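Residue-level structure breakdown
Below, each chain spelled out in residue letters.
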Amino acid sequence: MPFKYATVLVKNPKTKLREVRARAVSDSISLDTIANAIAAKNTVTYPDVLAVIRSLLEATIDALKNGDMVHLGDLGTIYPTLSSQAATKEDTFNAAMIEQVRVRFRPAKQFSQVVNTNLAFTKTITKKQQAVAKKAAIEAQNAALKTQEDSGDDGE
């Protein structure tokens, strides 16, 4: 299946000019779909695959809550980062100044290389563009119906 993209008009922060760039247009793949795909390629059953994935998720959350990085081999690394308020001196900083823990993912080099190999692309429109087009079509249809009503034509 080809990689879907749409073109969008964006402002280049360096030149301040508007440029047409490509943006990925992606669909969501559910955990069930992934588990079924794994089960279909292995001797492991679907419920077993789901159990392992859920256990991986729980173990990863536990590690992140301890501030640990989780290395997932050729997939990549999941790691926590912090954002906090600033202090003028180190001795005035305390844990209450930490505002948020974020989770980041850094793909492994091999993973990125495999994903970027032998891709085919197909142009589509973004979900926002789809919504605008759908709204315009509905408005046009409503206008046509109103014109029919105003002219006394019942369409038959």
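Residues numbered from 1 in each chain as written. Predicted model: local features only at pLDDT ≥ 70, side-chain atom pairs only at ≥ 80, totals over all residues. Heavy atoms only, no water.

Structural notes on the packing of helix α1 (residues 31-40) against helix α2 (residues 46-65)
What counts here: Every axis corresponds to a line fitted to the C-alpha atoms, with the helix fit spanning only the stretch in contact, and the corresponding angles, defined between N-to-C directions, vary from 0 to 180 degrees. Comment: elements are numbered from the N terminus, with helices defined as DSSP H or I runs of at least four residues and strands as E runs of at least two. Orientation labels follow simple angle bins: below 35 degrees gives roughly parallel, above 145 gives roughly antiparallel, 65 to 115 gives roughly perpendicular, and whatever is left gives oblique. Two helices crossing with the near one rotated counterclockwise from the far one by less than a right angle form a left-handed crossing, whereas a clockwise rotation gives a right-handed crossing. In this description, contact between two residues means that some pair of their heavy atoms is separated by no more than 4.5 Å. Charged residues are taken to be Asp, Glu, Lys and Arg, nonpolar residues to be Ala, Val, Leu, Ile, Met, Phe, Trp, Tyr, Cys and Pro, and polar residues to be all remaining types, Gly included.
Two elements in contact, α1 and α2, have axes whose closest approach is 9 Å; the angle formed by their N-to-C orientations is 120°. One way to sum up the angle between α1 and α2 is to call them oblique. With respect to the hand of their crossing, α1 and α2 are arranged in right-handed fashion. Residues Leu 31, Asp 32, Ala 35, Asn 36, Ile 38 and Ala 39 of α1 form the contact with α2, whose own contacting residues are Tyr 46, Val 49, Leu 50 and Ile 53. Residues of the contact of α1 with α2, tallied by class, amount to eight nonpolar, one polar and one charged.

Some remarks on the confidence of the model for the protein
Put simply, the rule reads: Every residue gets a pLDDT, meaning the predictor's confidence in that residue, from 0 to 100.
The predicted model of the protein has a mean per-residue pLDDT of 91, with 97% of residues at 70 or higher. At the low end of the mean pLDDT range in the protein sits helix α4 (residues 127-151), at 85; at the high end sits strand β3 (residues 70-71), at 98.

Examining the pairing of strand β4 (residues 76-84)
The line we're drawing: Strands are labelled as partners when DSSP assigns at least two bridges between them.
As paired strands, β3 and β4 are joined by two bridges and run antiparallel to one another. Paired with His 71 across the bridge in β4 is Thr 77. With antiparallel pairing between neighbouring strands as the criterion, β3 and β4 make up a hairpin whose turn holds four residues, including Gly 73 at a positive phi of roughly 60°. In this structure, β4 lies alongside strand β5 (residues 98-107), joined through nine bridges in antiparallel fashion. The residue of β5 that forms the bridge with Pro 80 is Val 103.

Quick notes on the environment of Arg 23
This is how it is decided: We call a residue buried when its accessible area falls under 20% of the maximum for its residue type, exposed when it is over 50%, and partly exposed in between, using a 1.4 Å probe and counting protein chains only.
Of note, Arg 23 is situated in strand β2 (residues 18-24). Take Arg 23: its relative accessible area is 41%, and that puts it in the partly exposed class. The spacing of Arg 23 and Lys 4 is 19 residues in sequence and 8.7 Å in space, taken between C-alpha atoms. Apart from the residues lying within four places of it in its own chain, the contact partners of Arg 23 are Lys 4, Tyr 5, Ala 6, Val 8 and Val 10.

Here's the deal with the sheet that holds β4
A sheet is described by the order of its strands in space; here three strands give the open sequence β3-β4-β5, paired in antiparallel fashion. Single-partner strands in this sheet number two, and they are β3 and β5. Running at roughly 40° to β4, α2 makes contact with β3, β4 and β5 of the sheet.

Thoughts on a nonpolar patch on the surface
Here is the rule: The patches described consist of residues with a relative accessible area above 30% and no salt bridge, like charges being joined within 9 Å and nonpolar side chains (Val, Leu, Ile, Met, Phe, Trp, Tyr) within 5 Å. In short, Shrake-Rupley with a 1.4 Å probe defines the accessible areas, and a residue's cover is counted only from the protein chains shown. Counted as salt bridges are all cases of a side-chain nitrogen of Lys or Arg within 4 Å of a carboxyl oxygen of Asp or Glu.
Together, Leu 75, Phe 105, Phe 111 and Val 115 line one region of the surface with nonpolar side chains, adding up to about 320 Å² of accessible area. As for its position among the elements, Phe 105 is in strand β5. For Phe 105, a relative accessible area of 40% translates into the label partly exposed.

A few points about the sheet that holds strand β6 (residues 121-123)
The strand order β2-β1-β6 describes an open sheet built from three strands, whose pairing is mixed. Every other strand in the sheet has two partners, leaving β2 and β6 as the edge strands with one partner each. Pairs of neighbouring strands in the sheet enclose a mean axial angle of 40°, with direction left out of account. Bridge count between strand β1 (residues 3-11) and β6: three bridges; the pairing is parallel. Paired with Phe 3 across the bridge in β6 is Phe 121.

Thoughts on the side chain of Ser 83
Summarising the element assignment, Ser 83 is placed in strand β4. Of the residues examined, Ser 83 reaches a relative accessible area of 18% and is grouped as buried. With near-sequence residues (within four places) excluded, Ser 83 lies in contact with Ile 98, Glu 99, Gln 100 and Arg 102.

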